[in-house]
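# Close look at the chain arrangement
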Amino acid sequence: MEKILTQQLRFLDEKGRERIFNGMNIDDKLIDSESFRYNLNEEFFKKYKAFGFDIIRLAITWQNLEPKMGKYNEKYLKSIDDIFALAEKYGVYILIDMHQDIYSGNDGKSVGDGAPSWAAMTDGAKPRMPVFVWADGYFFGRWVHNSFDHFWNNDYYRGVGLQDRYCELWKMLAGRYGDSPALFGFDLMNEPFPGSMSRRMFLKLVGNVAKAVMFNEKIDRKTMLSSLLKRDTAGMLNCIKGNVIRDVMQHIDDLEAEFDIKKYSPFLNKTTAAIREVTDNGIIMMEQCYLCNNGIKQSAPPITVNGKREELQCFGPHAYDIMVDTPLYKYANADRVKAFFTEMRNTQLRLNVPCIVGEWGGCSDNKDTSWFPHAYELLDFFDEQHWGQLYWDYHGDDLDSPLMTMLSRTHPVAVAGEIVSYGFNKKENAFTLSFKAEKKGESIIYVHKPFTAECDLKFKVLEEYESGASLISFKTDAGEHSIKLKITE
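Values in this document were obtained by computation on a predicted structure and should not be read as measured data. Along each chain, residue indices are assigned from 1 in the same order as the chain's sequence is written. This being a predicted model, a pLDDT of at least 70 is required before a residue's local features are given, and a value of 80 or more before pairs of side-chain atoms are given or counted; all residues contribute to the totals for chains, interfaces and linings. Calculation of side-chain values draws on the structure's entire complement of heavy atoms; hydrogens and water are dropped beforehand.

For the rest of this paragraph, the subject is the layout of surface pockets. Buriedness of a pocket was judged along seven lines, with at least five required to meet protein on both sides within 12 Å; pockets are open sets of points on a 1 Å grid over the protein atoms alone, cavities are sets where a 1.4 Å probe fits but cannot get out, and lining residues have an atom within 4 Å of a point. Grid points are joined across faces, edges and corners, and a volume is the space filled by probe spheres set on the points. Here the largest pocket is characterised by a volume of approximately 1500 Å³. Lining the largest pocket are 48 residues, and of these Phe139, Tyr290, Asn294, Ile322 and Val324 lie nearest its centre. The class makeup of the residues in the lining of the largest pocket is 30 nonpolar, seven polar and 11 charged. When residue character is reported, Ala, Val, Leu, Ile, Met, Phe, Trp, Tyr, Cys and Pro are called nonpolar, Asp, Glu, Lys and Arg charged, and the others, Gly included, polar.

If you want it as structure tokens, here you go:
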């Protein structure tokens with residue numbers, strides 16, 4: 001497997017080819033797991049690769065790795081070892097994600113996941129189960145806010161700072177997997193949350209939403225009222241389009257910047273420094289605050305180690321429509337989500353790093369196809385930005401579900417030059433790629449169905465799959481090149 005590097009906005013392999021990665025999130029958020037929850041065996045990896053996936057965001061938790069302070073769960077780690085071994089065999093990269101949701105599961109007293117109970121310092125605030133959706137602990141949970149405050153402040157538990165202990169955990173993982181050819185990198189914390197600072201953000205956000213609904217000229221209030229009276233939920237929600245998002249969210253930017261600069265950025269630098277004590281391998285992924293998933297500006301600077309910019313870093317944004325995790329997600333509006341991702345594109349350009357979408361999708365039933373038009377719009381948007389993607393998320397049987405008809409699509413894998421544009425036109429049933437090359441090279445494309453090449457370049461089939469999909473390569477000289485593949489089935 002090629003080691004993956006970074007150059008400004010692009011991922012490169014050791015041959016200097018631009019890489020675009022596609023895959024899924026596969027998580028184990030269960031409490032007290034003795035091994036990873038899914039059996040990612042040989043059959044899984046064969047199918048996974050056949051659908052054109054070459055990366056997994058492997059979501060694991062502090063709680064399962066270190067259930068008791070200073071004692072790592074060796075049995076659990078061996079199951080991760082097995083995943084890495086098979087990933088290497090089948091050429092699939094692993095992004096290790098230290099996952100959390102509302103900080104901790106609190107020994108089953110909340111629906112959260114992440115930190116072990118010993119690292120959840122709630123100051124007596126009692127965890128509880130959600131009233132509305134799983135995330136309401138972020139909005140109303142003092143036990144969540146207090147736990148995050150103690151973590152960001154690196155407060156002591158039994159004489160050791162919480163962040164210090166977290167860094168030791170990452171050093172252990174870096175030592176264990178840092179030399180694996182399958183390692184893509186390290187996602188330091190899923191959707192970091194500001195803690196008690198969020199109270200001011202929520203209050204301001206609610207006020208700004210109310211003002212926008214009443215006064216923003218971009219909202220068709222007549223249609224909204226009519227839809228409300230008709231109980232037309234889709235019509236009402238569609239009155240809030242993407243062009244309204246920044247009007248609302250920009251008022252939270254300063255509060256978010258305070259968290260990003262004072263708390264989040266020092267954490268990123270400290271944790272990265274700990275990993276770099278152990279290995280120089282692996283790309284460090286910067287995420288964004290949970291609240292930024294809906295278009296608030298992210299303000300953290302690039303990651304540095306000992307004052308020097310980290311060479312291998314990338315951005316991994318997440319975004320879902322505002323109706324995510326509710327039955328109303330069938331009304332998801334791609335225009336809104338593209339507005340969220342447009343703000344994240346601004347962050348990528350500011351940081352001058354490559355980007356792969358860390359989470360998107362969010363349909364609770366992966367067998368539901370009604371929201372696929374929404375998904376196709378987002379996939380096209382990702383292609384326009386030259387972003388790979390990691391779908392949220394794998395449910396155990398998805399490789400045999402209709403979801404694959406949407407996620408498995410023709411895309412560039414490795415391009416021997418700088419990509420100008422690429423994309424799949426569903427109406428024409430055709431994929432196009434254009435790029436500029438400075439020297440000879442071999443480009444690789446995954447094609448999801450039988451095809452004909454409508455270009456002068458000759459191709460070679462590298463791998464064929466039972467589904468009719470294939471992995472093909474084109475050899476090119478220096479210059480500008482265009483490739484068009486017409487799907488014939």
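Further remarks concern a nonpolar patch on the surface. On the surface, a nonpolar cluster with roughly 470 Å² of combined accessible area is contributed by Val131, Phe132, Phe139 and Phe140. Segments assigned H or I by DSSP are reported as helices when at least four residues long, segments assigned E as strands when at least two residues long, and all are numbered from the N terminus. Its location among the elements puts Phe140 in helix H4 (residues 136–140). Three exposure classes are used, based on accessible area relative to the maximum for each residue type with a 1.4 Å probe and protein chains only: buried under 20%, partly exposed in between, and exposed over 50%. On the basis of relative accessible area, Phe140 is assigned to the exposed category, the value being 53%. The patches reported here contain residues having more than 30% relative accessible area and no salt bridge. Joining distances are 9 Å for like charges and 5 Å for nonpolar side chains (Val, Leu, Ile, Met, Phe, Trp, Tyr). Per-residue accessibility takes into account occlusion by the displayed protein chains alone, with areas from the Shrake-Rupley method and a 1.4 Å probe. Counted as salt bridges are all cases of a side-chain nitrogen of Lys or Arg within 4 Å of a carboxyl oxygen of Asp or Glu.

In a beta sheet, neighbouring strands pair by backbone hydrogen bonds and run either parallel or antiparallel. Taken together, eight strands build an open sheet; the order of strands is S13-S10-S9-S6-S5-S4-S15-S14 and the sheet is parallel. Of all the strands in the sheet, the pair left with one neighbour each is strand S13 (313–315) and strand S14 (356–357). When strand S6 (residues 93–98) meets strand S9 (residues 183–187), the two strands line up parallel, connected through four bridges. Bridging across to S9, Leu95 finds its partner in Gly185. On top of the sheet, helix H6 (residues 162–177) reaches S6 and S9; it is set at about 165° to S6, its chief contact. Should any heavy atoms of two residues lie within 4.5 Å, those residues are counted as being in contact. Helix axes are fitted to C-alpha atoms over the stretch in contact, other axes to C-alpha atoms as well, and angles between N-to-C directions run from 0 to 180 degrees. In the packing of helix H12 (residues 334–351) onto the sheet, the strands contacted are strand S10 (283–286), S13 and S14, and the crossing angle to S13 comes to about 160°. One requirement defines pairing of two strands: DSSP has to find at least two bridges between them.

Time to look at the environment of Gln288. Tracing the backbone shows Gln288 in the loop between S10 and strand S11 (304–305). Accessibility expressed as a relative area gives 2% for Gln288, which makes it buried. Distance in space between the C-alpha atoms of Gln288 and Leu86 is 30 Å, their sequence separation being 202 residues. Those residues within four positions of Gln288 in sequence are excluded, and the remaining contacts are Glu191, Pro192, Tyr264, Asn293, Gln298, Phe315, Pro317, His318 and Met344. Residues adjacent in sequence count toward polar contacts only when both atoms are side-chain atoms; beyond that, a polar contact is any pair of N or O atoms within 3.5 Å, and within protein one must be able to donate a hydrogen and the other to accept it. Here Asn293 takes part through its side chain, which lies 3.0 Å from a polar atom of the side chain of Gln288. At 2.9 Å, the side chain of Gln288 forms a polar contact with the backbone oxygen of His318.

With respect to the element layout, Arg336 can be found in helix H12. Residues within four places of Arg336 in sequence aside, it is in contact with Leu237, Asn238, Ile240, Lys241, Gly242, Ile245, Asp321, Ile322 and Tyr331.

Turning to the pairing of strand S5 (residues 55–60), a few remarks are in order. The element S5 is largely enclosed, with a buried count of six among its six residues. Burial of the side chains of S5 extends over both faces: Ile55, Arg57 and Ala59 are buried on one face and Ile56, Leu58 and Ile60 on the other. Where strand S4 (residues 22–27) lies against S5, five bridges are found, and the strand directions are parallel. Bridging from a neighbouring strand, Asn25 pairs with Arg57 of S5.

A few words on empty space enclosed by the protein. Evaluation of the coordinates by the stated rule reveals four cavities of 30 Å³ or more. Its volume calculated, the largest cavity comes out at about 80 Å³. Trp62, Met98, His99, Gln100, Tyr103, Gly114, Ala115, Phe151, Tyr166 and Met189 are the residues that line the largest cavity. Of the residues in the lining of the largest cavity, the class split is seven nonpolar, three polar and no charged.

Moving on: helix H13 (residues 372–385). Between its terminal C-alpha atoms H13 stretches 20 Å, which fits the 20 Å expected from 14 residues at 1.5 Å a residue. With 10 of 14 residues buried, H13 lies mostly within the body of the structure. Buried residues of H13: Phe372, His374, Ala375, Tyr376, Leu378, Leu379, Phe381, Phe382, Asp383 and Gln385, and no others. Structurally, H13 contributes buried residues whose contacts are with H12, S14, strand S15 (388–391), helix H14 (403–407) and strand S17 (418–425). A positive backbone phi angle near 65° is found at His386, which sits one or two residues after H13. Every helix has an expected span of 1.5 Å times one less than the residues it contains.

Below, the discussion takes up the packing of aromatic side chains. Here a pair means two rings of Phe, Tyr or Trp (six-membered ring of Trp) with centres within 6.5 Å. Their orientation is stacked below 30 degrees between planes, edge-to-face above 60, and tilted elsewhere. Tallying each qualifying case throughout the model produces 49 aromatic pairs. With a centroid separation of 6.1 Å and 55° between ring planes, the pair formed by Phe139 and Phe140 is classed as tilted. When its relative accessible area of 34% is taken as the criterion, Phe139 is described as partly exposed. The rule for a charge over a ring is simple: NZ of Lys or CZ of Arg within 6 Å of the ring centre, and within 35 degrees of the ring normal. One cation-aromatic arrangement involves Lys426 over Tyr376; the distance from NZ or CZ to the ring centre is 4.2 Å.

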